[in-house]
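Residue strings, one per chain:
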Amino acid sequence: QVQLAESGGGLVQAGGSLRLSCAASGRTFSSYAMGWFRQVPGKAREFVVAINWSGVNTYYVDSVKGRFTISRDKNTVYLQMNSVKPEDTAVYYCAADTINRCLVYACYGRTAAYDYWGQGTQVAVSS
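None of the values given here were measured: they were computed from a predicted structure.

> Please clarify how the side chain of R67 should be interpreted in this entry.
Within the secondary structure, R67 sits in the loop between β6 (58-60) and β7 (68-72). Sequence-distant contacts of R67, defined by excluding residues within four places in its chain, comprise Q80, M81, N82, S83, V84, K85 and D88.

Here is the structure:
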């Protein structure tokens with residue numbers, strides 16, 4: 001069993017920055033892929049970015065390229081959000097793919113690819 005806990009959300013002005021963190025309890029955390037998704041009321045959970053088990057490969061949705069950066073260390077995965085926009089407002093969730101099933105973007109972008117999910121952290125961007 002893996003527990004994931006997001007933190008770092010909050011209220012930020014458009015154009016500002018925020019860094020989200022996701023801490024995992026599993027001993028094998030550093031060896032599996034992680035993703036960030038976001039969700040607003042009335043819409044499906046949306047892929048944002050993923051990072052593979054080694055940290056070498058990253059996969060970004062077009063709408064955040066050049067603004068958001070995913071990174072990881074041995075204990076935590078981060079989402080650095082720069083130049084945020086009102087449309088970035090959402091609950092952000094981190095997720096773990098514990099069997100490293102994905103090799104390409106299309107796989108990383110599916111919610112079904114992930115085995116464990118955090119509770120989410122709210123990001124609100126004001127204009």
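Past the structure itself, the notes keep going.
> Teacher, can you tell me more about unusual backbone geometry here?
Residues other than glycine predominantly adopt negative phi, and peptide bonds predominantly adopt the trans conformation. Even without glycine at this site, S83 takes up a positive phi of about 50 degrees. Relative to the assigned elements, S83 resides in the loop between β8 (76-81) and β9 (90-97). When its relative accessible area of 40% is taken as the criterion, S83 is described as partly exposed. Even without being glycine, N100 reaches a positive phi, approximately 50 degrees. With respect to the helices, strands and loops of the structure, N100 is situated in the loop between β9 and α1 (105-108).

> Would you mind going over the packing of aromatic side chains with me for this structure?
Each aromatic ring pair is described using two quantities: the centre-to-centre distance and the angle formed by the ring planes. The final tally for this structure, using the stated rule, is six aromatic pairs. When the ring of F37 is compared with that of F47, the centres are 5.5 Å apart and the planes differ by 70 degrees; the resulting orientation is edge-to-face. Taken together, the residues F37 in strand β4 (residues 33-39) and F47 in strand β5 (residues 46-51) connect sequence positions 10 residues apart. Per residue, the accessibility class of F37 equals that of F47, and both read buried. With a centroid separation of 5.2 Å and an interplanar angle of 80 degrees, the aromatic rings of F37 and Y114 are classed as edge-to-face. With F37 in strand β4 and Y114 in the loop between α1 and β10 (116-117), this pair connects stretches of sequence that are 77 residues apart. One exposure class covers both F37 and Y114, and it is buried. Ring pairing ties together the aromatic residues F37, F47, Y105, Y114 and W117, which thus form one cluster. Here R45 stacks its cationic end above the ring of Y93, 3.7 Å away from the centre of that ring.

> Before we go on, may I ask you to explain the pairing of strand β3 (residues 18-24) in this structure?
On any regular strand, side chains alternate: one points to one face of the sheet, the next to the other face. Among the seven residues in β3, five count as buried, and that is most of the element. Across four bridges, strand β1 (residues 4-7) lies against β3 in antiparallel orientation. Within β3, the position partnered with S7 by the bridge is S21. Relative to β8, β3 runs antiparallel, the two sharing six bridges. Paired with L18 across the strands is M81, a residue of β8.

> Quick question: what am I supposed to make of the sheet that holds β8 here?
Strand pairing in a sheet is mediated by backbone hydrogen bonds. Such pairs are either parallel or antiparallel. The four strands lie next to each other as β1-β3-β8-β7, forming an open sheet whose pairing is antiparallel. The sheet is open, and its two borders are formed by β1 and β7, each paired with just one other strand. Averaged over all pairs of adjacent strands, the angle between strand axes in this sheet comes to 15 degrees, irrespective of strand direction.

> Please explain the state of the cysteines as it appears in this structure.
Simply put, the disulfide is a covalent bond whose two ends are the sulfur atoms of two cysteines. The final tally for this structure, using the stated rule, is two disulfides. One disulfide bridge connects C22 with C94, the sulfur atoms lying 1.9 Å from each other. Disulfide C22 to C94: torsion about the S-S bond roughly 55 degrees, handedness right-handed. In this pair, C22 is assigned in strand β3 and C94 in strand β9, connecting sequence segments 72 residues apart. We classify C22 as buried; its relative accessible area is 0%. One disulfide in the model links C102 with C107; its S-S distance is 2.0 Å. Every disulfide takes its handedness from the sign of the S-S torsion; for C102 and C107 that torsion is -65 degrees, giving left-handed.

What counts as what
Within any chain, residue numbers begin from 1 and follow the written order of that chain's sequence. Local features in this predicted model are restricted to residues whose pLDDT is 70 or higher, and side-chain atom pairs enter the listing and the counts only when it is 80 or higher, whereas totals over whole chains, interfaces and linings include all residues. Only heavy atoms go into the side-chain values, all of them from the structure, while hydrogens and water stay out. By the criteria applied, helices consist of DSSP H or I runs no shorter than four residues and strands consist of E runs no shorter than two, each listed in order from the N terminus. Contact definition: two residues touch when any of their heavy atoms are within 4.5 Å. Only protein chains enter the accessibility calculation, which uses a 1.4 Å probe. A residue is then buried if its area is under 20% of the maximum for its type, exposed if over 50%, and partly exposed in between. When two rings of Phe, Tyr or Trp (its six-membered ring) have centres within 6.5 Å they constitute a pair, described as stacked for plane angles under 30 degrees, edge-to-face for angles over 60, and tilted for the intermediate range. Counting as a charge over the ring demands two things of the Lys NZ or Arg CZ atom: a distance within 6 Å of the ring centre and an angle within 35 degrees of the ring normal. Strands were regarded as paired on the criterion that DSSP finds at least two bridges between them. Axis geometry follows a simple rule: fit a line to the C-alpha atoms, using only the stretch in contact for helices, then measure angles between N-to-C directions, giving values from 0 to 180 degrees. Note that a disulfide, as used here, is simply two cysteine sulfur atoms within 2.5 Å.

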